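# Reading the structure
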Amino acid sequence: MMDEYRIEKDSLGEVRVPAGAYWGAQTQRAIHNFPITGLRPYPAFVWSMTLIKRAAAEVNNDLGLFTAKEAAGRTITGDEMAAAIMQAGDEILAGGYADQFVVDPIQAGAGTSHNMNINEVMANRANEILGFGLGEKGKPVNPNDHVNMAQSTNDTIPTAIRLGALWRLDELLTAVEVLADALQGKSVEFDRIVKSGRTHLQDATPLTLGQEFSGWVSQLDDDIERLEGVLPKLYEIAAGGTAVGTGLNTHPEFAGRVAANIAAQTSLPFASAPNKFAALAAHDALVMASGALKTLACSLMKIANDIRWLASGPRCGLGEILLPENEPGSSIMPGKVNPTQCEAMTMVCVQVMGNDVAVGFAGSQGNFELNVFKPVIIFNVLNSARLLAGACRSFERHLVRGMQANTRRIGEHLANSLMLVTALSPRIGYDRAAEVAHKAHSEGVSLREAAVALGYVTPEEYDATVRPGEMLGP
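Presented here is an overview of the structure given in this document. (Residues numbered from 1 in each chain as written. Predicted model: local features only at pLDDT ≥ 70, side-chain atom pairs only at ≥ 80, totals over all residues. Heavy atoms only, no water.)

Attention shifts here to the side chain of D104. When you line up the elements, D104 lands in the loop between α3 (78–93) and α4 (112–129). Buried charge D104 goes without a salt bridge, the closest partner of opposite sign being R40 at 9.1 Å. A polar atom in the side chain of D104 sits 3.2 Å from the backbone nitrogen of I36. Within the local environment of D104, its side chain forms a polar contact with the backbone nitrogen of I106, the two atoms lying 2.9 Å apart. Once residues within four sequence positions are removed from consideration, D104 is found in contact with F34, P35, I36, T37, G38, L39 and H114. (Helix = DSSP H or I, 4+ residues; strand = E, 2+ residues; numbered from the N terminus. Buried < 20%, exposed > 50% of the residue type's maximum accessible area, 1.4 Å probe, protein only. Lys, Arg positive; Asp, Glu negative; His and termini not counted. Salt bridge = Lys/Arg side-chain N within 4 Å of Asp/Glu carboxyl O. Polar contact = N/O pair within 3.5 Å; in protein donor to acceptor, adjacent residues only side chain to side chain. Contact = heavy atoms within 4.5 Å.)

Okay, structure coming up:
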């Protein structure tokens, strides 16, 4: 119920809108028709849409397409209307009016409600700049005719998807690079700590803790390369394609000019998509980007799981690394501390993998000249990038920085590893080496004792052959 409201109109009739709201009739209808997630658009998406509207106003005015309009006994020039729209855009880009973008991320119409929410807010703010009240009749700036000039939901939303994704990917790349650098620092720090390897969750031949960490660093380096690899196609934007890709109702120079304007505003190499039909009807570049996010999630899942396995215990697990004690781990077991950063990271990874399924399916749903699943694509891509960036920052700050090696426990495990017997294989053969390992395990004696008891080597020969620090490379 709205105690104070004004009446706004759209093509379907009159709508009650809260008196102080900058949005209009179509946004209000969307609020009523799509109460689905209870969420609002991501700031990255609002920023992207606003940037496009600002660029379009500047380009259309430069092309002479804004004409003077009579309103309330005044003549408002085209330059004045364009300047007001651009100022409204600048204010939103600076963080203003964030509470005015209210439509649910999940909606119909390929994002028409998103588009009109932006159009209406910018139009009303532009009119306010020109001296007109929110509820005043005859306001000069129209959300469709002016803010949405030379645009359609069908080309604006896919353009915004790319801008928003690139913003979040830039943030994510920084977070992953910082995490990779932190793990690399630990790899160097732990380079001389020889430990037992593990394959199939069973004892394996030795390596250093630094070598183990280096594998994780390499995974993240590859993920960075994959994320950077999806960027070029995201720079190709659909703006100027309007309804079906033909560019109807645009100036012939609009598409190229608006891409150049956005490139100048962002200092990124945006260009007009060479084929607007594909840009509107298919979103393969976003599917690929989501795939790179999913691959990063797979890497982070392995890293987080490896770390919590290595830190398991503290007395009844592996206990080879010590994690920062960030918070109590149990409401019933006193003194318990859990690997909470690992758990948070793995939950994020599960969510990102699920998001990718949604993006992939949505990306397959283009029909003829339009894919109407744009809102769910951008919602999940931005969600994945935001979650991964936040998780990487937290993981680096609250876990990796304070991680330590438990050299005593590592030494105990190394000394007990049956797979050190692998060093004997070239000397006594695989079958005899296996016999030594089985004897040591079944009788609870050391490999040295078993090998000597079987008469396959002397104590001196064993000591000269089985040297874990020399089993770390070819």
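Below, the discussion takes up the pairing of strand β5 (residues 194–199). Examined bridge by bridge, β5 and strand β6 (residues 202–208) share six bridges and lie antiparallel to one another. What sits directly across from R198, in β6, is D203. Counted along the chain from β5 to the antiparallel partner β6, the turn is two residues long, and its residue H200 has a positive phi close to 60°. (Pairing = 2+ DSSP bridges.)

Turning next to the packing of aromatic side chains. Enumeration according to the criterion identifies six aromatic pairs in this entry. Aromatic side chains Y22 and Y97 sit 5.0 Å apart centroid to centroid with 65° between the ring planes, which places their arrangement in the edge-to-face category. Of this pair, Y22 sits in the loop between β2 (13–18) and α1 (25–33) while Y97 sits in the loop between α3 and α4, and the two are 75 residues apart along the sequence. Y22 gets classed as buried once you look at its relative accessible area, which sits at 12%. Judged by its relative accessible area of 23%, Y97 is partly exposed. Geometrically, the ring pair formed by F190 and F213 is edge-to-face, given 5.3 Å between the ring centres and 80° between the ring planes. Of this pair, F190 sits in the loop between α6 (153–189) and β5 while F213 sits in helix α7 (residues 209–229); the two residues are 23 residues apart in sequence, bridging distant segments of the chain. Judged by relative accessible area, which is 0%, F213 ranks as buried. Every member of this aromatic cluster is reached through a ring pair, and the members are F190, F213 and W216. The residue whose ring lies beneath R168 is W167, and the NZ or CZ to ring-centre distance is 5.6 Å. (Phe/Tyr/Trp six-rings, centres within 6.5 Å; stacked < 30°, edge-to-face > 60°. Lys NZ or Arg CZ within 6 Å of the ring centre and 35° of its normal.)

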